[in-house]
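The lines below spell out each chain.
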Protein chains: 2
Amino acid sequence: MEDTEPQNAAANGITPRRTNIKSVEILDTTLREGEQFSRAHFSFPQKIEIATALARFGVDYIEVGSPVSYPNALEELTTMVSQLKKRNSNSKVLVHCRVNQEDVDMALETGAYGINLFMGTSKFLQKASHGKSVEEVSKLACNMVEYVHSKGRFARFGAEDAFRTDLKDLLYICAALDEAGVDQVDFPDTVGGATPFEVYDRILEFTKRFRFKVEFHGHNDTGCGVANALAAMEAGAHCINVTVMGIGERNGICSLSGLVSRLYSLDRELVKQYNLVELPKLDKMVATILGVPIPHDMPITAPNAFTHKAGIHTKAILQDSQAYEVLRPEDFGIRRTLDIASRITGKHAIAARVRELELELEDADIAIITEKVRHAAGLEPISLENVDLIIKSHKPSSAGKED
Amino acid sequence: MEDTEPQNAAANGITPRRTNIKSVEILDTTLREGEQFSRAHFSFPQKIEIATALARFGVDYIEVGSPVSYPNALEELTTMVSQLKKRNSNSKVLVHCRVNQEDVDMALETGAYGINLFMGTSKFLQKASHGKSVEEVSKLACNMVEYVHSKGRFARFGAEDAFRTDLKDLLYICAALDEAGVDQVDFPDTVGGATPFEVYDRILEFTKRFRFKVEFHGHNDTGCGVANALAAMEAGAHCINVTVMGIGERNGICSLSGLVSRLYSLDRELVKQYNLVELPKLDKMVATILGVPIPHDMPITAPNAFTHKAGIHTKAILQDSQAYEVLRPEDFGIRRTLDIASRITGKHAIAARVRELELELEDADIAIITEKVRHAAGLEPISLENVDLIIKSHKPSSAGKED
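Keep in mind it's a predicted model, so treat the numbers as computed, not measured. (Residues numbered from 1 in each chain as written. Chains lettered and ligands numbered in written order. Predicted model: local features only at pLDDT ≥ 70, side-chain atom pairs only at ≥ 80, totals over all residues. Heavy atoms only, no water.)

### Here we look at empty space enclosed by the protein
Applying the stated criterion across every chain yields a total of three cavities of 30 Å³ or more. One number sums up the size of the largest cavity: a volume of about 270 Å³. As for the largest cavity, its lining consists of 24 residues, of which N220, G223 and D297 of chain A together with N220 and D297 of chain B are closest to the centre. Taken together, the residues of the lining of the largest cavity break down into twelve nonpolar, ten polar and two charged. (1 Å grid on protein atoms, 1.4 Å probe; cavity = no way out; pocket = protein on both sides within 12 Å on 5 of 7 lines; lining within 4 Å. Points joined across faces, edges and corners; volume = space filled by probe spheres on them. Nonpolar A, V, L, I, M, F, W, Y, C, P; charged D, E, K, R; others polar.)

See below:
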């Protein structure tokens, strides 16, 4: 039998698992990438509401769209930056900008902490988007980074479509940017096709070679947004992009709740600086604004994320919540639910409900009631009220004996 | 500059990427795990509808709940098995059963292709669920596998909570099962806490050691359901569990559309045996039955999975759809959408709409119209009809010159 130490470390229950991650910064881009979600059109008061809630949760950076992206954007951004400063928010505002003098000058006017420059680096985007060579992209990016620094601001460059860019092209651009003193470089999986293994290998190239901080932004087209963020962090990435509920272009990017669930499940210490109870409120707020429900597959905040249904599950959960939970709902201000009104319910769940109703019944009665519930729920969907009615209308066998 | 061959292979556009995966079987468990989703209560006609649609898509296995899980289950399952046989479906029915003589005998009565036995193997479930030792679990499982084989059926064992089970315990059970000739062993990430790296390492232990086929079932509590399925396949797993839209206990498991998007993006050959155009119909059918929308983050089938919005994106998409797409919507019978009615729209998208309306306008006019659309959409949400109105009411500058 081989040494099983690593597996045991991973098998120790909720946390911690084995991980290389020491700390991470969260960049929320709900107000930029999220605005690119087809259903999103945030009014200015809604943007302020979202930014304030993000600051309450404690994200490290709030990315906003360019001041030239729509009319009034400059005025709105300037007001937002000043309001967040007044509230002494620790969340720093970064403005997403093309590598374009006019755009950057307007972005600087907003008083934001920094400028998130971006430009396509893959052959696809060189051809279909801007028509510039790698050398030109590199030169333009470096000049603009130096310009932003000359104004005393944080300068980031995003290499759009980084995971379909030739590695040698990326290394060429990154070496120049590192020399120019760029603060952070973002490597986005713009089309959402990268695998966690590719992300790990490629991000490691940058974290081990360069002085700048490494940022990752992962789309969800092939369902790997959260896992790719994890892979980037394991390879040493310093900053991860998320949006509330993962909204963005197409089917979106890594969700804030997905990232938090992933970090928390590795080691709760990794998310101790955030106000976790604000997370469900944030998702509910944005869902309400958009008029879309929180998806049933969303980690932590899905309506049923902590609902247990099958009899085998509810039985075990009643003894030890860790039996079927890798996250503690109470840390997020959420209550665990046992969905006992179903045809696959079990007698331990029914017994727990009987105790909640402050009734006392023998095991034999619980078994009979359980069968009644399963039978009723087999005919049509029933509610907890129906279950309670079945429990209360049951004539205990011991009552007969005592008579 | 280092050899960039692997990255180039991954940067070649849509497909194929580098992968170890040669083939994979899909086990859909919408009718068992999916039924454990809090909102699910499928009527028998709905189950037949879902099973028939799964067979049309061409999943390899359809897993159904135990015949003892609710009243009438035996009768329903027997009818379902016989109906699928009559339709000459290639999808084989597997019945999910506790390691229990009575359950298995009833499951055999249904005429199903095989029996999916399962039992908790982690310390958590040994303690909170069944109280049996690893030796007892192993002996019971082997005896039941031999019994199922004596009846001429396919026998699978599922090691519930495999990723929190000590590796030595799993290897002990697996060695005995392999000796007993089990056909397939499922290693579920029951609590959804495993990382893709852990899944890869652990699954590799089983695929390299044993003769049985390896199956994986991954919950989504930390957002890694799809990526963990990928990791299992890269480590040689033969069969992956999915449900339609990922429904299941809590926030569910790997979704069928997630798995298909992931495989397709690696190499379209890996999904050539499935009727891909049936996938959006399946998701719509189950969403309608459940009364929940398809989540906005679902790969392929989300309402906006192929909707492009930001001006920079629509410009590039109009030149080359691969610029921002890693999947071809037409392969799934889906149409690409350009969402041009927004304040972040661009002039290339407006020009494309002008051509669709069979109008001819100068670049200068397109630029003016684009600004009008961005301004209107900045004030309040607008529709495509509004855009068309703005286009049609625009007085071309050249018209003035010609007068």
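### Looking at the interface of chain B and chain A
Listed by partner, the interface residues are 108 residues for chain B and 108 residues for chain A. Where chain B abuts chain A, roughly 9,100 Å² becomes buried across the two surfaces, and 56% of that area is made up of carbon and sulfur atoms. The largest share of the area that chain B buries against chain A comes from R250, H296 and R343 of chain B, three residues that together contribute 9% of it. The interface formed by chain B and chain A holds two salt bridges in total. As a salt-bridge pair, E35 of chain B and R343 of chain A come within 2.4 Å of each other at their nearest N and O atoms. No other element matches the eight residues that helix α8 (residues 196-209) of chain B contributes to the side of chain B that touches chain A. (Contact = heavy atoms within 4.5 Å. Buried area = accessible area lost by both parts, 1.4 Å probe. Salt bridge = Lys/Arg side-chain N within 4 Å of Asp/Glu carboxyl O. Helix = DSSP H or I, 4+ residues; strand = E, 2+ residues; numbered from the N terminus.)

### A word on the packing of helix α4 (residues 101-109) of chain A against helix α6 (residues 134-150) of chain A
All names here are of chain A. Direction vectors running N to C along α4 and α6 enclose 25°, while the axes themselves pass 11 Å from each other. Classified by the angle between their axes, α4 and α6 sit roughly parallel to one another. The two elements α4 and α6 cross, and the hand of that crossing is right-handed. Residues Q101, V104, D105 and L108 of α4 lie in contact with α6, whose contacting residues are M144, Y147 and V148. (Axes fitted to C-alpha atoms, helices over the stretch in contact; angles between N-to-C directions. Parallel < 35°, antiparallel > 145°, perpendicular 65-115°, else oblique. Left-handed = near helix turned anticlockwise from the far one by under 90°.)

### Brief notes about the domain arrangement of chain A
Residue and element names in this part refer to chain A. When its domains are assigned, chain A resolves into domain 1 (20-290) and domain 2 (307-402). Centre-to-centre, using C-alpha coordinates, domain 1 lies 46 Å away from domain 2. Across the boundary between the two partners, domain 1 contributes nine residues, which contact seven residues of domain 2. For the pairing of domain 1 and domain 2, the buried interface totals around 670 Å² over both sides, and the portion due to carbon and sulfur atoms is 66%. Counting across the domain 1 and domain 2 interface gives three residue pairs in polar contact (both at pLDDT 80 or more). Counting residues per element, the ones that place at least two in the side of domain 1 that touches domain 2 are α10 (256-266) and α11 (278-290). It is α10 that provides the largest number of residues to the side of domain 1 that touches domain 2, a total of four residues. (Domains from an automatic or database assignment. Polar contact = N/O pair within 3.5 Å; in protein donor to acceptor, adjacent residues only side chain to side chain.)

### Here we look at the sheet that holds strand β8 (residues 239-242) of chain A
Within the closed barrel, the eight strands sit side by side as β1-β2-β3-β4-β5-β6-β7-β8 (chain A). Their pairing is parallel. Sheet twist, expressed as the mean angle between neighbouring strand axes with direction ignored, is 25°. (Pairing = 2+ DSSP bridges.)

### With respect to the side chain of S66 of chain A
Tracing the sequence through the fold places S66 of chain A in the loop between β2 (61-64) and α3 (73-86). If sequence neighbours within four positions are ignored, S66 of chain A has contacts with A73, L77, V95, H96 and D103 of chain A.

### Structural notes on the packing of helix α2 (residues 44-57) of chain A against α11 of chain A
Residues and elements named next belong to chain A. The contact between α2 and α11 brings their axes to 9 Å, and the two run at 165°. In terms of axis orientation, α2 runs roughly antiparallel to α11. Crossing handedness for the pair α2 and α11: left-handed. Note on element contacts: α11 touches α2 through E278, L279, L282, M285, V286 and I289, opposite Q46, E49, I50, A53, L54, R56 and F57. Taken together, the residues of the contact of α2 with α11 sort by class into nine nonpolar, one polar and three charged.

### Here we look at the relation of the copies chain B and chain A
Overlay of chain B on chain A (RMSD 0.1 Å): rotation 180°, translation along the axis 0.0 Å. What we have between these two chains is a two-fold relation. For chain B, the minimum C-alpha distance to the rotation axis belongs to P295 of chain B and amounts to 2.5 Å. Both copies share a contact surface, since 100% of the interface residues of chain B are interface residues in chain A too. (Least-squares fit on C-alpha atoms with pLDDT ≥ 70 in both.)

### Examining the UniProt feature "domain: Pyruvate carboxyltransferase" (unreviewed entry) in chain A
The sites that carry the UniProt feature "domain: Pyruvate carboxyltransferase" (unreviewed entry) are, in the present numbering, residues 24-283 of chain A. Between the C-alpha atoms that bound residues 24-283 of chain A the distance is 21 Å, and the span itself is 45% helix and 18% strand. (UniProt positions renumbered as here; feature names shortened; annotations may be inferred.)

### Details of helix α5 (residues 123-130) of chain B
Three or more residues of α5 of chain B are buried, namely F124, L125, Q126, A128 and S129 of chain B. The inward-facing, buried residues of α5 of chain B abut α12 (311-319) of chain A together with β4 (114-120), α6 (134-150) and β5 (154-160) of chain B. G131 of chain B sits one or two positions beyond α5 of chain B and adopts a positive phi of about 70°. (Buried < 20%, exposed > 50% of the residue type's maximum accessible area, 1.4 Å probe, protein only.)

### Things to note about the sheet that holds strand β6 (residues 184-189) of chain B
Residues and elements named next belong to chain B. In space, the eight strands of this closed barrel follow the order β1-β2-β3-β4-β5-β6-β7-β8, with parallel pairing throughout. The average undirected angle you get between the axes of adjacent strands in this sheet is 25°. Strand contacts of helix α2 (residues 44-57): β1 (25-31) and β2 (61-64), with the helix running at about 165° to β1, the strand carrying the most contacts.

### Describing the pairing of β1 of chain B
Two faces belong to every sheet, and in a regular strand the side chains alternate between them. Residue and element names in this part refer to chain B. Taken across its seven residues, β1 has seven buried, putting it largely inside the fold. With four bridges connecting them, β1 and strand β8 (residues 239-242) associate as parallel partners. By the bridge assignment, D28 is partnered in β8 with V242. Relative to β2, β1 runs parallel, the two being bridged by three bridges.

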